[in-house]
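Letter by letter, the chains look like this.
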Amino acid sequence: MGKKAVILGILALALGLGFNGCAAARKKPVSETKAQVVKPISPAEEEKIEEESIVALKGKSIPLAKAPKGRAFAEPTAEMRYILTDIYFDFDKSEIKREVRATLDRIASWLRKNRDAHLMIEGHCDERGTEEYNLALGERRALSVRRYLIGLRVPSGKLHTISYGESKPTDPGHNENAWAKNRRVHFLIAK
Amino acid sequence: MKKIIIVLLCTIFFLATKDLLPTEVYLDISRGFAEKIPVALSFSGDKNEETKKILVSDLQRSGLFSPLINDDENEAELLIKVNCSLKLGLFRLEGIVRDITTGSGFVLGKRYQGRYPLMRSIVHRFANDLVKKVTGEKGIALTKICFISDESGAKEVYLVDYDGQNKKRVTSDKIIAACPDWSEDGENLVYLSYLNNRTEIFFHNLKSNSREILCSYPGLNAFAAISKRGEIALTLSKDGDPEIYVMRKNGSYLRRLTYSKGIDASPSWAPDGKKIAFVSDRSGSPQIYILDLSTKKVRRITYQGSYNTSPAWAPQGNLIAYTSRRGGCFEICIINPDNGEFKAITSGPGSKEDPSWAPNGRQLVFSKKLGYKSNLYIVDICTEKSYSLITGKGNYISPAWSPE
């Protein structure tokens, strides 16, 4: 029963964030979610919950918010850097890999605590795809991370995306090692 | 002049759908049969070496003529006599063209004059008039190609004449510019710039060198392409996913056209403005699709391979050029969207991508990456031979050929 309630709660929250008019679905399960989140969940259960929350957002794209006026995005400070680490992707893919979920959970909980902070999600690609398509793929990677963070109850208005395609590699090498580092999402922060 | 007819038929195949033509013509083309008209040239007067260089290059680049090296009139079908003079800064060119295979022979006779700095365009104009006389179509000798290069240290927009001369930088933003394209009148460029630390579409007037921001929605603003009627198709991610939109040239009346989850990018207008070819990964891998604007129906046209991107609809008729991954490299392919027939028109070492059509529908400009450096090349789709457009110390990518 507990698992089902969490799923329902996250689903309702996700919907509620995107569609403010959806009051009925929003009211009741919120308190239930709060109660459930503190209770430890087994890793298998946790995985299940996240999958469901992503499913709930599928096909219901949430429009991007305007970037905050008069506030510049900057590289995270030294103490922030261990939270906002780069997220890596497979070749030609924009799916969130299992091993980066813990990082995104950390980022989400930090963003929920720091209400004024805005996050710029930069999507990047390795050099192997075509120039134009990589620009779209970089954006798609940034949007995947955004969608995932929204699923973790980060308000969508705090999340912004930009794609650099293959224009800004972090490693100038031409081998699998460099490509793997370049297929990434990098974060900037405006506090 | 019967060879002219063969060359014309070759061009027509690529402009029309296959079933409109007799089968033997198609067979000729599949063997790569495209004979050129042998031309002998004679030059006299001032600046004749320079004039000769420009005109010979124009004739070769038209794909229609083969200038004879020894100018042996016995092997030629056409004889071109050019006389130039340069007096008080005024350049004059007199060109006479005769067909030596027929009795009367006179094909074209024309005089041009202009200030000396306009010499190249005067010679190009003569080449265009000759092409027009022989094929009935406009020549491409006065067209330009815009592209992106990092030779100054940052990715900027550049222009170059179709023969690789007169390279000029358009932007000096010292940031990143990307995916430039032409307005339908050839007087403006649209491109993406990160000038304001986001992706925005700029509309840049080449005459006044002034520009405005056309759209700056949250997220991705990219791949602006202008139809012959002046409508702009582009990709925006403002609704949470990269989708295709169209709007008027001033940015008003924005309409969303695609609704698939995933990437919808790189729109390219059909010449009649009624359809748009684009890339989508809705099937799991990037493939080329066609959207019919009246029915809003979407149809996939590429099924070969797992990576087909950057479609470019030919300016006349029904062919789409695109980039296709073959093995570890990319090649330029052309496909007839009606029957799905396709072929690769580039080969050899290097990764070729991002094709853009010449207004005559016969040549394509593309970028080729070899040894981690990209340069621009042109390929003739009848002969499948390619030659260099521009090389240098930087990378040269994302070419777009101007309208006539």
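Here the structure is a predicted model, which is why all the values come from computation and not from measurement.

Participant: Account for the packing of helix α3 (residues 48-62) of chain B against helix α4 (residues 119-135) of chain B, with residues named and values stated.
Facilitator: Residue and element names in this part refer to chain B. It is the contact of α3 with α4, at a shortest axis distance of 9 Å, that shows an interaxial angle of 40 degrees. Considering the angle they form, α3 stands oblique to α4. Helix-helix and strand crossings are classified by hand; for α3 and α4 the assignment is right-handed. From α3, Glu50, Thr51, Ile54, Leu55, Asp58, Leu59 and Ser62 reach across to α4, where they touch Met119, Arg120, Val123, His124, Phe126, Ala127, Leu130 and Val131. Split into classes, the residues belonging to the contact of α3 with α4 amount to 9 nonpolar, 3 polar and 3 charged.

Participant: Mind laying out the layout of surface pockets, listing which residues take part and the relevant values?
Facilitator: Residue and element names in this part refer to chain B. Approximately 840 Å³ is the volume found for the largest pocket. Along the walls of the largest pocket sit 38 residues, with Asp181, Ile226, Trp313, Ser356 and Trp401 positioned nearest its centre. At the level of elements, β9 (177-182), β13 (221-226), β17 (264-269), β21 (308-313), β25 (351-357) and β29 (396-401) are the ones that each hand at least two residues to the lining of the largest pocket. Here the residues of the lining of the largest pocket are counted per class, giving 23 nonpolar, 9 polar and 6 charged.

Participant: Which residues make up the nonpolar core, and what values do they have?
Facilitator: Counting residues in each nonpolar core, the largest one holds 43 residues, and the members touching the most others are Leu55, Phe65, Ile80, Leu93 and Phe126 of chain B. Ranked by residue count, the leading element in this core is α4 of chain B, at 8 residues. The two domains that each donate at least three residues to this core are domain 1 (36-135) and domain 2 (144-401) of chain B. Judged by nonpolar contacts, the second largest core, of 34 residues, contains Tyr164 of chain A together with Cys179, Val279 and Tyr322 of chain B.

Participant: Quick one: what's the story with the confidence of the model for chain A, residue by residue and with numbers?
Facilitator: Residues and elements named next belong to chain A. Per-residue confidence for chain A gives a mean pLDDT of 79; residues scoring 70 or more make up 69%. The secondary-structure element of chain A with the lowest mean pLDDT is helix α2 (residues 23-38), recorded at 40, while strand β1 (residues 87-88) shows the highest, at 98. The low-confidence segment residues 1-38, where pLDDT is below 50, has 26 contacts with residues more than four positions distant or belonging to other chains. Across residues 49-58, where pLDDT falls below 50, the model places 19 contacts with residues more than four positions away in sequence or in other chains.

Rules of the game
- Residues numbered from 1 in each chain as written.
- Chains lettered and ligands numbered in written order.
- Predicted model: local features only at pLDDT ≥ 70, side-chain atom pairs only at ≥ 80, totals over all residues.
- Heavy atoms only, no water.
- Axes fitted to C-alpha atoms, helices over the stretch in contact; angles between N-to-C directions.
- Helix = DSSP H or I, 4+ residues; strand = E, 2+ residues; numbered from the N terminus.
- Parallel < 35°, antiparallel > 145°, perpendicular 65-115°, else oblique.
- Left-handed = near helix turned anticlockwise from the far one by under 90°.
- Contact = heavy atoms within 4.5 Å.
- Nonpolar A, V, L, I, M, F, W, Y, C, P; charged D, E, K, R; others polar.
- 1 Å grid on protein atoms, 1.4 Å probe; cavity = no way out; pocket = protein on both sides within 12 Å on 5 of 7 lines; lining within 4 Å.
- Points joined across faces, edges and corners; volume = space filled by probe spheres on them.
- Core = buried A, V, L, I, M, F, W, Y, C linked by side-chain atoms within 4.5 Å.
- Buried < 20%, exposed > 50% of the residue type's maximum accessible area, 1.4 Å probe, protein only.
- Domains from an automatic or database assignment.
- pLDDT = per-residue confidence, 0-100.

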